[in-house]
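Here is how the chains run, residue by residue.
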Amino acid sequence: MARSGLAGAVRVARWADSALGPGRAGATADGKATLSDATAERAARELGLTVAQVRADWDTARLAGLVEVHGDSARPGWRLRAWDRDDSAVLRGWVALFDAWSLAHPEPADHEPSAVAEVVSAMPQVLSFLQLSAGPVPVDQLLDLLRQRVTELRTERCEVPYGPQPLPATPSGSAGPTVPAQRPGNAPAAPAGATPPAGASADPLDGTALAPAAGAGTAASAAADPAEAVGEAELAPLLDWALRALASVGALTYGDGQATLTPLGSWAVWVKLEQICVAAQSPAGNIEQSAEDMLRGCAQLRPNAARAEYRAWLAARPVGSAVTELLEAARGDDALLRGLAFEALRVVGAPAEPDVRAVVDEPALRPYALLWLAEHDGVDPEDAHEVLTREEATWLWVDTAAAVADHGEAPMLVRHLESALQPTVPALLDEVRAVGHPRTVQVLVALAAAHPDPALAKAVRRAAFQVHTGG
């Protein structure tokens, strides 16, 4: 269903990739990667479409991440490159479009931006209700739910009513201070300068989807206040717009006075609810930490518990920024964090591929990145080391030994010696000295101190001294 819904966007994105690549005529005219008139007309001719269809498919391709905009230019996204071989890329592309539903369909022009933003903020609860209903829901019922949710949002903001308000009565002869009318439940008035949240685009299922509905008494008292009441006439056209926009991206069907989530829409809402639950149940409590601190917190966890923590940490932040933060942690001096960062990137999966490929030329990250990419391409993890050269494998051995030396016990370092590719210790020492790892001396000194064989320990200490003195 996702492939079918995005087929037009894929076709236009692939046409642009082949017809407008580097060295060819530019695609844009306004510095925002919007197709110029000439380019849109050319695409329409070559693809047998109308100009309006080309522009609509191009916009969809941008929202779905099939095309990535960088300044005044656009280039194919990783999802387009992986489209034919990776189902997760297709689903993530559709979810990106689903997240941007409020941009995919023009909003009503005769409504206040604040009212549109309120409806966007309230739609997660509507989508959750549709998902739980597992069938057609009358639009009147959705309208009532939307009205209650918008009323709750306004009450939570403690808005001061617009327009002149009657002054409270004061005792005769007194000059008591003017006291503004209180909001329902005696909530304090909004601070000066407070404004409603702006913006017409939001994740269609953020944390508000799980917020408990206000009690019936609270909703009733809020609606009873003329200044706070939310009229159905005000919300009905905005609900119609929201449902049509969600239908345009394939999340639901809308007609005959009712709405129903499509199987794809139901799946997406369920996944987002699940992500919220995972993020709320961070096993080790590191969800709000930086990537480096989170990885340190996972260092003592068993592999399954660590993966659960990675999933919770990732669910609480955008994928792009999470990947960037993990790679930055991997660039640090702590070799243990380097290995753990790439374990967390394995949990991320396909969306991390472009960023991992981009660090292949960094010596400290290259072996880890090559192993990650090999496993991502389907190579058995036990055979993935075969993609490394002898020098890269030796560099990785030293880096892992540094992690063991810093955080492990002496017997672990001795056992690590047995994992080396080289058949003899002299051969290992020769190649370790050649790779030039910055922690080589410390690793050899630690290994010499830990090894029970005096002769071998002496040879390792000699090698450490030679590296230290430049030999």
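Located above this text is the structure these notes cover.
Residues numbered from 1 in each chain as written. Predicted model: local features only at pLDDT ≥ 70, side-chain atom pairs only at ≥ 80, totals over all residues. Heavy atoms only, no water.

Participant: An account of the overall build of the protein is requested, with residue identities and associated values reported.
Facilitator: Regarding its fold elements, the protein presents 23 helices and five strands. Taking all 471 residues of the protein together, the buried fraction comes to 42%. Counted over contacts in the protein with a minimum sequence separation of 6, partners at least 24 positions apart contribute 68%. Total accessible area computed for the protein in this model is approximately 23700 Å², and 55% of it derives from carbon and sulfur atoms. (Helix = DSSP H or I, 4+ residues; strand = E, 2+ residues; numbered from the N terminus. Buried < 20%, exposed > 50% of the residue type's maximum accessible area, 1.4 Å probe, protein only. Contact = heavy atoms within 4.5 Å. Areas by Shrake-Rupley, 256 points an atom, 1.4 Å probe, with all protein chains shown as cover.)

Participant: Break down the pairing of strand β4 (residues 252–255) for me, with residues and values.
Facilitator: In this sheet, strand β5 (residues 258–261) lies alongside β4 in antiparallel orientation, the contact comprising four bridges. Each bridged residue has a counterpart across the sheet, and for L252 the counterpart in β5 is L261. (Pairing = 2+ DSSP bridges.)

Participant: Now, about unusual backbone geometry: what can you tell me, with residues and values included?
Facilitator: Here A134, not a glycine, exhibits a phi torsion of approximately 55°, which is positive. Topologically, A134 is positioned in the loop between α8 (113–133) and β3 (137–138). By relative accessible area, which is 68% here, A134 ends up exposed. One non-glycine residue, D256, adopts positive backbone phi at about 55°. Within the element layout of this structure, D256 appears in the loop between β4 and β5.

Participant: Can you break down the layout of surface pockets residue by residue, with the values?
Facilitator: Here the idea is plain: a probe the size of a water molecule rolls over the atoms and shows the empty space left. Roughly 1000 Å³ of internal volume is contained in the second largest pocket. Considering the residues around the second largest pocket, the lining is formed by 37 residues, among which G339, E343, Y368, T400 and H416 are closest to the centre. Mapped by element, the contributors of at least two residues to the lining of the second largest pocket are α14 (303–315), α16 (335–348), α18 (366–376), α19 (390–407) and α20 (410–417). If one sorts the elements of the lining of the second largest pocket by residue count, α19 sits on top with nine residues. Within the lining of the second largest pocket, the residues separate by chemical class into 21 nonpolar, ten polar and six charged. (1 Å grid on protein atoms, 1.4 Å probe; cavity = no way out; pocket = protein on both sides within 12 Å on 5 of 7 lines; lining within 4 Å. Points joined across faces, edges and corners; volume = space filled by probe spheres on them. Nonpolar A, V, L, I, M, F, W, Y, C, P; charged D, E, K, R; others polar.)

Participant: Mind laying out the packing of aromatic side chains, listing which residues take part and the relevant values?
Facilitator: Throughout the structure, instances matching the rule amount to three aromatic pairs. When the centroid spacing of 5.3 Å and the interplanar angle of 10° are considered together, the rings of W94 and F98 count as stacked. Of this pair, W94 and F98 are both found in helix α6 (residues 87–99), four residues apart, which corresponds to roughly one turn of the helix. The exposure class assigned to F98 is buried, which follows from its relative accessible area of 1%. Ring centres 5.6 Å apart and planes at 25° place the aromatic pair F342 and Y368 in the stacked group. Of this pair, F342 sits in helix α16 while Y368 sits in helix α18; the two residues are 26 residues apart in sequence, bridging distant segments of the chain. For the pair F342 and Y368, a shared accessibility class is recorded, and that class is buried. (Phe/Tyr/Trp six-rings, centres within 6.5 Å; stacked < 30°, edge-to-face > 60°.)

Participant: Which residues make up the side chain of K272, and what values do they have?
Facilitator: The residue K272 is located in helix α12 (residues 263–280) in this model. On the accessibility criterion, K272 (7% relative accessible area) is buried. At 2.9 Å, the side chain of K272 and the side chain of D99 are in polar contact. (Polar contact = N/O pair within 3.5 Å; in protein donor to acceptor, adjacent residues only side chain to side chain.)

Participant: Tell me about the nonpolar core, and please be specific about residues and values.
Facilitator: If you look at the biggest cluster of nonpolar residues, it comprises 63 residues, and the most contacted ones within it are L66, W94, W101, M123, L130 and L146. Residue contributions to this core peak at nine residues, all from α8. Excluding its chain neighbours within four sequence positions, the residues that come into contact with L66 are A9, V10, A13, A61, R75, P76, G77, R79, L80 and W83. (Core = buried A, V, L, I, M, F, W, Y, C linked by side-chain atoms within 4.5 Å.)

Participant: Tell me what's going on with the pattern of salt bridges, and back it up with residues and numbers.
Facilitator: Pairs can form between side chains of opposite charge once their charged atoms are near each other. A complete count under the given rule lists 25 salt bridges for this structure. We note a salt bridge from R149 to E152, for which the minimum N-O separation is 2.9 Å. Within this pair, R149 and its partner E152 are both found in helix α9 (residues 139–157), separated by three residues, close to a single helical turn. In this pair, the class of R149 matches that of E152, namely buried. A salt bridge links E353 to R357, with the shortest nitrogen-to-oxygen separation between them at 3.0 Å. With E353 and R357 both in helix α17 (residues 353–358), this residue pair falls four residues apart, about one helical turn. R357 gets classed as partly exposed once you look at its relative accessible area, which sits at 42%. Within the structure, one salt-bridge network assembled from shared partners comprises R85, E353, R357 and D377. (Salt bridge = Lys/Arg side-chain N within 4 Å of Asp/Glu carboxyl O.)

Participant: Help me get a handle on the side chain of D86, residues and values and all.
Facilitator: The topology assignment puts D86 in the loop between α5 (78–81) and α6. For the buried residue D86, which engages in no salt bridge, the nearest side chain bearing the opposite charge is R85, 5.0 Å off. Ignoring anything within four residues of it in the chain, the contact list for D86 reads R3, A350 and H376. (Lys, Arg positive; Asp, Glu negative; His and termini not counted.)

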